[in-house]
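Analysis of the macromolecular model
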Amino acid sequence: AMIRASTVFLWASCALAIGITAGMFWLFLRNHMQGAHDAAATHFAGATLFGLVAPVAYVAKFGWRRESDASSMTACSTE
């Protein structure tokens, strides 16, 4: 239970760090890109959101791999 909780907190801290950094860079793009590069901030925001949502969608679809599943996948057959 503690390993799972620490894993969740690790993912949350990574997502928060990426979100804060991406937000600052998005703000820079929004304020400084003009002309042909007007859409740069929007494209960057879309790519960043996709990158943050993709792992969540994967876990929602396939779930956490349990320790027993992992050990059965790595166990060698002695037959």
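Residues numbered from 1 in each chain as written. Predicted model: local features only at pLDDT ≥ 70, side-chain atom pairs only at ≥ 80, totals over all residues. Heavy atoms only, no water.

As for the overall build of the chain
- The helix and strand inventory of the chain stands at 3 helices and 0 strands.
- Counting from the amino terminus, helix and strand elements in the chain follow one another as α-α-α.
- Out of the 79 residues in the chain, the part that is buried amounts to 5%.
- When the accessible area of the chain is evaluated, it comes to approximately 6900 Å², of which 69% is carbon and sulfur surface. (Helix = DSSP H or I, 4+ residues; strand = E, 2+ residues; numbered from the N terminus. Buried < 20%, exposed > 50% of the residue type's maximum accessible area, 1.4 Å probe, protein only. Areas by Shrake-Rupley, 256 points an atom, 1.4 Å probe, with all protein chains shown as cover.)

Overview of the layout of surface pockets
- In this structure, the largest pocket spans a volume of roughly 280 Å³.
- Lining the largest pocket are 11 residues, and of these Trp11, Ala15, Leu52, Pro55 and Val56 lie nearest its centre.
- Where the lining of the largest pocket is concerned, the elements lending two or more residues are helix H1 (2-32) and helix H2 (40-62).
- Partitioned by chemical class, the residues of the lining of the largest pocket number 10 nonpolar, 1 polar and no charged. (1 Å grid on protein atoms, 1.4 Å probe; cavity = no way out; pocket = protein on both sides within 12 Å on 5 of 7 lines; lining within 4 Å. Points joined across faces, edges and corners; volume = space filled by probe spheres on them. Nonpolar A, V, L, I, M, F, W, Y, C, P; charged D, E, K, R; others polar.)

A short note on the side chain of threonine 48
- Tracing the backbone through its elements, the reader meets threonine 48 in helix H2.
- The exposure class of threonine 48 is buried, given its relative accessible area of 17%.
- Here phenylalanine 44 takes part through its backbone oxygen, which lies 2.8 Å from a polar atom of the side chain of threonine 48. (Polar contact = N/O pair within 3.5 Å; in protein donor to acceptor, adjacent residues only side chain to side chain.)

Quick look at the confidence of the model for the chain
- Summing up the model confidence of the chain, the mean pLDDT is 84 and the portion of residues at 70 or higher is 81%.
- Looking across the chain, the model is least confident in helix H3 (residues 67-74), with a mean pLDDT of 54, and most confident in H1, with 93. (pLDDT = per-residue confidence, 0-100.)

Here's the deal with the packing of aromatic side chains
- Applying the stated criterion across every chain, the model contains 3 aromatic pairs.
- Between phenylalanine 25 and phenylalanine 28 the ring centres are 6.2 Å apart and the planes differ by 25 degrees, which places this aromatic pair in the stacked class. Of this pair, phenylalanine 25 and phenylalanine 28 both sit in helix H1, 3 residues apart, which is roughly one turn of the helix.
- A ring pair is formed by phenylalanine 25 and phenylalanine 44, whose centres lie 5.0 Å apart and whose planes are at 75 degrees; its orientation type is edge-to-face. With phenylalanine 25 in helix H1 and phenylalanine 44 in helix H2, this pair connects stretches of sequence that are 19 residues apart. (Phe/Tyr/Trp six-rings, centres within 6.5 Å; stacked < 30°, edge-to-face > 60°.)

A short note on the packing of H1 against H2
- Viewed as axis vectors pointing N to C, H1 and H2 meet at an angle of 175 degrees, and their least axial separation amounts to 9 Å. Between H1 and H2, the interaxial angle falls into the category roughly antiparallel. Taking contact as the criterion, the partners of Trp11, Ala15, Ile18, Ala22, Phe25, Trp26, Leu29 and Arg30 in H1 are, on H2, Ala40, Ala41, Thr42, Phe44, Ala45, Thr48, Leu52 and Pro55.
- When grouped by side-chain class, the residues that make up the contact of H1 with H2 number 13 nonpolar, 2 polar and 1 charged. (Axes fitted to C-alpha atoms, helices over the stretch in contact; angles between N-to-C directions. Parallel < 35°, antiparallel > 145°, perpendicular 65-115°, else oblique. Contact = heavy atoms within 4.5 Å.)

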